[in-house]
Each structure stands twice: as structure tokens, then as C-alpha cells.
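If you want the building blocks of each chain, they are given just below.
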Amino acid sequence: MDPFILAESYWKDLRDQYIEVAVLPWGATEAHNLHLPFSTDNIMVERIAKESARIAWEEGARVIVLPNIPFGVNTGQMDIRLNINLNPSTQMAILDDITDVLNRHGIHKLLIINGHGGNDFKQMIRELGLKYPEMFICGSNWFQSFNNADYFESGGGHADEMETSIMQFIAPDMVKPLSEAGEGKGKKFRIKALNENWAWAERRWTQVTSDTGIGNPHKATPEKGEKCYNEIIGKVGNLLIELAEADIDNLYE
Ligand SMILES: [Zn+2]
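Residues numbered from 1 in each chain as written. Predicted model: local features only at pLDDT ≥ 70, side-chain atom pairs only at ≥ 80, totals over all residues. Heavy atoms only, no water.

Describe the coordination of the zinc ion, and please don't skip the residues or the numbers.
Looking at the metal site, the zinc ion is ligated by H32 (NE2), D41 (OD), E163 (OE) and E163 (OE), spaced 1.9 to 2.7 Å from it. Because the angles between the 4 donor atoms bound to the zinc ion fall within 51 to 138 degrees, the donor set is best described as irregular. Sequence spacing of the donor residues for the zinc ion, all on one chain, is H-x8-D-x121-E. Of this pair, D41 sits in helix α2 (residues 40–58) while E163 sits in helix α5 (residues 161–170), and the two are 122 residues apart along the sequence. A single burial state applies to D41 and to E163, both of which are buried. (Donors = N, O, S within 2.8 Å, 3.2 Å for Na, K, Ca; no water. Tetrahedral: all angles 85-135°; square planar, octahedral: opposite > 155°, others 65-115°. Helix = DSSP H or I, 4+ residues; strand = E, 2+ residues; numbered from the N terminus. Buried < 20%, exposed > 50% of the residue type's maximum accessible area, 1.4 Å probe, protein only.)

Set out below in C-alpha cells:
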């Protein structure tokens with residue numbers, strides 16, 4: 001039992017415990033090629049939240065990790081069986097309620113650690129900042145905290161070499177042999193600007209990939225996963241330390 005995990009805390013201890021930063025992991029429940037489970041995003045974001053909080057806690061940062069929200073935005077994947085979609089407006093309602101609780105109890109710093117590409121909290125953070133002026137809300141996509149090419153030969157972002165490697169390291173029993181994995185071949189848009197990242201449209205997932213994966217997982221190894229994972233938790237841990245130390249009325253230099 002760790003004192004920085006809300007789900008493992010007891011009220012007697014928590015009642016008077018000083019807390020500086022709350023951490024909210026947010027994943028998704030969705031198909032991940034043929035070799036990773038539906039819980040992949042949740043397993044990774046929960047582990048990253050927990051172990052980066054441990055790093056921060058051991059440096060004296062008073063943080064608490066809230067339970068992971070296991071459903072994300074999957075609006076483009078409703079034809080994939082039991083991919084569970086939470087609409088962005090539903091996410092906003094959930095985030096508003098959680099922020100309200102933190103605000104009432106004097107925990108004015110919140111870090112959302114996002115583990116799913118379809119989730120985007122930026123505009124929600126802007127709107128909640130207006131509603132809760134005493135709160136400092138920060139969002140982080142852990143999968144953007146490192147340079148993919150430093151560890152992996154191919155990218156893609158969904159059940160790809162990176163996700164597979166990290167899962168092979170943190171949850172090896174849940175990864176099927178790579179001989180069972182699909183190629184994760186993702187089609188590009190025919191419209192040029194949409195491939196150049198200055199125009200954006202949602203992808204209809206089943207028209208882009210036949211095995212639900214985007215990115216070839218076949219070169220994945222747990223050794224690559226371990227190295228990358230350690231960089232991630234070090235970086236997120238450091239972010240938590242800096243957030244805990246920050247004066248939210250004096251953030252700029
Ligand atoms: Zn994923």
C-alpha cells in the first residue's frame with residue numbers, strides 16, 4: 001500500500017495529510033492490434049502515474065494519484081466491437097466534477113496524465129481555468145515525453161513498437177507472442193494537408209487499418225520498453241516535483 005495512491009489510502013491517514021498535487025491518469029478501453037489487450041492504455045498510464053508519483057514522493061513532493069478513468073474518446077471507432085466511447089462533453093463533465101472536489105478541499109494543482117491519443121484535455125483545461133480560478137490544471141501526454149526514434153525503429157502510435165515494448169516490460173503476461181500480431185499497417189489520407197499535420201480530421205479507424213493497430217510491432221522488445229519507460233517516469237516524476245514546488249501565482253521567469 002502506497003500513501004500517494006488514493007485507492008490504497010485510509011481516511012484516518014488521509015484526513016489530515018497535506019497534499020500539494022493531485023494526479024489523474026486517463027486511459028481508454030479499445031482494441032490494440034491482435035496481440036495487446038483492450039486495457040493497454042489503462043495499464044500503461046496507471047503504471048506511469050504510480051511510478052512517477054513514487055519518484056516525486058521520495059523527493060518530498062506531496063502528491064496523490066487518483067484512480068484512472070478507464071474510458072476515452074473513441075468516436076471514430078464505433079464499428080470496432082466494444083471499444084467504449086466517452087464523448088468529449090462527458091469527459092468535460094467528469095473533469096469538472098473532479099476539479100470541484102479538489103478545489104473544495106484545497107488541492108489547487110491537478111496534473112492529468114493522458115494515455116490515449118483520442119483524448120484531448122487542452123480546451124477543457126482552458127474552460128475549467130475560468131470556472132475555478134484558484135486551480136492550476138496541467139495536462140500531459142506521456143507518449144510525447146520522449147523521442148520515439150531514440151528507442152524504436154518504427155512509429156505509428158497505436159499498438160506499435162513502442163506500446164508493445166513497454167507492455168512487454170511492464171505486463172509481459174498480457175502480451176501475446178508477436179507471431180500473432182498483425183502488421184499494424186496504417187493507410188494515409190489522400191488529402192495531402194491531412195498528412196502534414198497542419199490540417200486535421202478524425203480518421204475512420206477501420207478504413208485506415210485492418211488489425212486495429214497503426215505501427216508495426218514486430219521489432220518490439222522488453223529491453224527497449226524498459227529504457228523508454230524509465231525515461232518517461234523520470235520525466236513525469238520531475239514534472240510532479242516541479243509542480244509541487246511551483247508557486248501558482250508566480251509561474252513565469
Ligand atoms: Zn494505446
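Describe in detail the sheet that holds strand β4 (residues 136–141), supporting the description with residues and values.
Whenever strands of a sheet pair, they do so through backbone hydrogen bonds, lying parallel or antiparallel. Taken in spatial order, the 4 strands make up an open sheet running β2-β1-β3-β4, and their pairing is parallel. If you trace the sheet from one side to the other, it starts and ends with β2 (63–65) and β4, each paired once. Put simply, the sheet's adjacent strands are angled 20 degrees from each other on average, direction ignored. Here strand β3 (residues 109–114) runs beside β4; their pairing, made up of 6 bridges, is parallel. Opposite N114, over in β4, you have N141 as the bridge partner. (Pairing = 2+ DSSP bridges. Axes fitted to C-alpha atoms, helices over the stretch in contact; angles between N-to-C directions.)

Describe in detail the packing of aromatic side chains, supporting the description with residues and values.
For the coordinates displayed, the defined rule picks out 6 aromatic pairs. Ring plane angle 75 degrees and centroid distance 5.9 Å describe the contact between W142 and F143, whose orientation is recorded as edge-to-face. Accessibility expressed as a relative area gives 0% for W142, which makes it buried. Look at F143 and you get partly exposed, because its relative accessible area is 24%. An angle of 70 degrees between the planes, with centres 6.2 Å apart, marks the rings of F146 and Y151 as edge-to-face. Take F146: its relative accessible area is 10%, and that puts it in the buried class. An aromatic cluster of three or more residues is present, and its members are F146, Y151 and F152. Geometry around W11 places R15 over its ring, the cationic atom sitting 4.4 Å from the centre. Over the ring of W57 we find R62; its NZ or CZ atom is 3.7 Å from the centre of that ring. (Phe/Tyr/Trp six-rings, centres within 6.5 Å; stacked < 30°, edge-to-face > 60°. Lys NZ or Arg CZ within 6 Å of the ring centre and 35° of its normal.)

Explain the pattern of salt bridges to me, using residue names and the numbers behind them.
Side chains that differ in charge, positive against negative, can pair when their charged atoms come close. Throughout the structure, instances matching the rule amount to 13 salt bridges. Between D96 and K131 there is a salt bridge, and its shortest N-O distance comes to 2.7 Å. Taken together, the residues span a long stretch of sequence, with D96 in helix α3 (residues 88–104) and K131 in helix α4 (residues 122–131) at a distance of 35 residues. For D96, a relative accessible area of 14% gives the class buried. Measuring nitrogen to oxygen at the nearest pair gives 3.1 Å for the salt bridge that ties E153 to K219. A residue pair is termed long-range when its members are at least 10 positions apart, and E153 in the loop between β4 and α5 and K219 in the loop between α7 (205–208) and α8 (222–245) qualify at 66 residues. Put simply, D2, E8, K50, E51 and R54 are held in one network by salt bridges that share partners. (Salt bridge = Lys/Arg side-chain N within 4 Å of Asp/Glu carboxyl O.)

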